Every structure is written in C-alpha cells, then in structure tokens.
Amino acid sequence: MYPQIHLHVLASGSKGNAALVEGPDGFVLVDCGIARKSLIARSRELGLDLDRVRAVLLTHEHGDHTRGLPVFAKHFDGPMFATAGTVGARKDLCDLPFSIVGHADELDLAGMHVRLFPTSHDVCDPMCFRFETDDDALGYCTDTGVLTPEAADALFGVRILALESNHDERMLATGPYPSFLKSRVGGDHGHLSNAQAAEALRDLVDEDTETVVAMHLSQENNRPSVCVRTLAEAVGAEAVGDAWTEARTPDGLLSICAASQDWPATIW
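Each value, and the rule that gives it
Residues numbered from 1 in each chain as written. Predicted model: local features only at pLDDT ≥ 70, side-chain atom pairs only at ≥ 80, totals over all residues. Heavy atoms only, no water. Pairing = 2+ DSSP bridges. Helix = DSSP H or I, 4+ residues; strand = E, 2+ residues; numbered from the N terminus. Contact = heavy atoms within 4.5 Å. Axes fitted to C-alpha atoms, helices over the stretch in contact; angles between N-to-C directions. Buried < 20%, exposed > 50% of the residue type's maximum accessible area, 1.4 Å probe, protein only. Core = buried A, V, L, I, M, F, W, Y, C linked by side-chain atoms within 4.5 Å. Right-handed = clockwise from strand over helix to strand, strands pointing away. Salt bridge = Lys/Arg side-chain N within 4 Å of Asp/Glu carboxyl O. Phe/Tyr/Trp six-rings, centres within 6.5 Å; stacked < 30°, edge-to-face > 60°. Lys NZ or Arg CZ within 6 Å of the ring centre and 35° of its normal. Expected span 1.5 Å × (residues − 1). Arc of directions from axis to C-beta.

A. Quick look at the sheet that holds strand β12 (residues 211–215). With mixed pairing, the nine strands of this open sheet are ordered in space as β7-β8-β9-β10-β11-β12-β15-β14-β13. Two strands bound the open sheet, and with one partner strand each, they are β7 (106–109) and β13 (238–239). Across four bridges, strand β10 (residues 137–141) lies against strand β11 (residues 160–164) in parallel orientation. Following the sheet pairing, cysteine 141 is matched in β11 by leucine 163. Most of the contacts of helix α10 (residues 224–235) go to strand β15 (residues 255–258), to which it runs at about 155 degrees, and overall it touches β12, β14 (246–248) and β15.

Now the structure itself:
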C-alpha cells in the first residue's frame, strides 16, 4: 500500500523541537521550539511549503517545544490544540488562540485521524499522538519518563514510530549533570533512555512497522551511534555501512535511525 503519512523532523533535541506530520490534505505542525526563520529554512531544505500547515499540536509547555510559537502564530490562522494545563502554564501561551483538548480526545486534521494520549513528564498535562488513515499510521512520543498504558496502546503497530530515546544511562550517570538533574532526566517524569526505548520496541513493533526514529537525543548524554545500536539490538537489526547511524533488519523490512537537533530529515 502506498504510504499516506510522512514525517518531517525539523529539529529534535534539548535546544528546540519541531516536526511536520504530512497527511493526505496537508501538514500538522507538532511543537514549535525553534524560530520561525529556522522553521522556514529547514522546511525549504526538505522542499516543504509551510502554507500547507493545517493545524498545530503542542505536546507540553517547555520552551524547547514552544519558543517559536508566538511568532509563528502571528502568521498562522489555523487551529492550534493543547491541553488546558499546558496553555495555563505559560503566559505567552495563554495569549494565543488555542483550542483546549483533553489527552483522551480525537481529532481529524489534514486528512488524518489523530488520537491523543497522556505522557509522563514534569509539566502540566502533557500529551502525544497517533496519526492514522485507513491504510497508514504514525506514532509520535517524546518527553516522557515512562510509556503510559495509553501510549503503549496508541503506538503499537504504526508504520513510522517516532519514539524518544534521550540518553544512555551510563553516560547520564557519569556525565557532567548535577545529581538533581540526573535524577530528573532519569526519573519517571523525565525522559526515556535508550534502554527503555529498546525494551519498548519489543512490544510496539510488529509486521506493519517500517521505520523507528529515535527522538530527542541528549547532546551531553547520548550519541546517535550509541542510540541506534541499542535500539537495533532489541529488534535484531544490523548497521548499514560501517557506522551505526542507521540499522536495518536482515529482511530489510525495518529500519532504525536517529533524528537530529541540527539538520532536518524526512521519513517517507
């Protein structure tokens, strides 16, 4: 079946996050933690027209997911969705014309059915998403210390799985972060580690899954090669080429890669 949903990661990491989920009728912008100028430039690198953005979804209120939104909103007249907790947590979000949703709601956007689900992060009522059409599905989940039951259910069997793989546990433990920050990042309301993401893949990946995209990698406590190798081992994938920048199962049906903070990428 010809894919109907595509993922364009414009930025992913602690300095800023933004992604475009492309459906049959346009794009949904997930988070806007980079400046509008960068958003436009990175979209153009991928040959994408931001005039095709039909809606905005906000996962939570942290600045690396919202920093560019007030300026973007001045040039956008489509609907924007977030939970009441997220909007109420920041004054600059309260001033924007959000439609309030609950993390058990469902939406129809850009030709896709979007299922919302709660995540576990140290913020007010965060959420992430499953996008689907009759013949395709994409799961998007970052900034969560554990996978909630709702998340595990929503992410199962998608064709493209964009899943947080923030840190290597050994690198976090021995790295430069102070103790309180290590506890926060590694806690149940922090970020998924490589090992947690790898363990989750054993339950989330099925015969329909074609691509796993590791998201929100820490620049201090992770490396793309470390992350990809850890995830690959969980599903029997092997390195493509000499470096662990991409992995693929021997049958060629499942690939694993890592999203970047610094350059955009399209997952078809």
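B. Region of the structure containing unusual backbone geometry. Residues other than glycine seldom take positive phi values, yet aspartate 125 does so here, at roughly 65 degrees. Mapped onto the secondary structure, aspartate 125 falls in the loop between β8 (112–118) and β9 (127–132). You can call aspartate 125 partly exposed: its relative accessible area is 31%. One non-glycine residue, histidine 216, lies in positive phi territory at about 60 degrees. Among the secondary structure elements, histidine 216 is positioned in the loop between β12 and α10. Since its relative accessible area comes to 2%, histidine 216 is described here as buried.

C. Here's a closer look at the pairing of β8. Judged by how many residues are buried, β8 sits mostly within the fold: five of seven residues are covered. Taking the residues that link successive antiparallel strands as the turn, the β7-β8 hairpin has two residues, and the phi of alanine 110 there is positive, at about 50 degrees. Where β8 lies against β9, six bridges are found, and the strand directions are antiparallel. Within the sheet, the bridge partner assigned to histidine 113 lies in β9 and is glutamate 132.

D. Highlighting the nonpolar core. Of all hydrophobic cores here, the largest spans 30 residues; its most connected members are Leu161, Leu163, Val212, Leu231 and Ile256. Those elements that provide at least two residues to this core are β10, α6 (149–155), β11, α9 (194–204), β12 and α10. Residues in contact with leucine 231, not counting those within four places in the same chain, are Ser165, Asn194, Ala197, Ala198, Leu201, Val212, Ala214 and Ile256. By size, the runner-up hydrophobic cluster in this structure holds 28 residues, among which are Leu7, Ala19, Val30 and Leu138.

E. Main features of the pairing of β10. In terms of burial, β10 is a largely internal element, five of the five residues being buried. Taking the residues that link successive antiparallel strands as the turn, the β9-β10 hairpin has four residues. After leaving β10, the chain enters α6 and then returns to the sheet as β11, a path that is right-handed.

F. Focus on the pattern of salt bridges. Inspection of the entire model under this criterion finds 11 salt bridges. For glutamate 132, the salt bridge is made with arginine 130, and the minimal N-O distance between the two is 3.1 Å. Overlapping salt bridges bring together Asp136, Arg159 and Glu210 as one network.

G. How the structure looks around the packing of aromatic side chains. If you walk through the whole model with that rule in mind, you get three aromatic pairs. Aromatic pair phenylalanine 129 and phenylalanine 131: ring centres 6.1 Å apart, planes at 55 degrees, arrangement tilted. Here the two residues phenylalanine 129 and phenylalanine 131 agree in accessibility, since each one is buried. Of note, arginine 52 hangs over the ring of phenylalanine 27, and the distance from its end group to the ring centre comes to 4.9 Å.

H. Molecular detail of α10. Here α10 contains 12 residues, and its C-alpha end-to-end distance of 17 Å stays within 8% of the 16 Å for a straight helix at 1.5 Å per residue. For α10, the complete set of buried residues consists of Cys227, Val228, Leu231, Ala232 and Ala234. For α10, the angular spread of buried residues about the axis comes to 155 degrees, placing them on one side. Summarising the contacts, the buried residues of α10 are in contact with α9, β12, β14 and β15.

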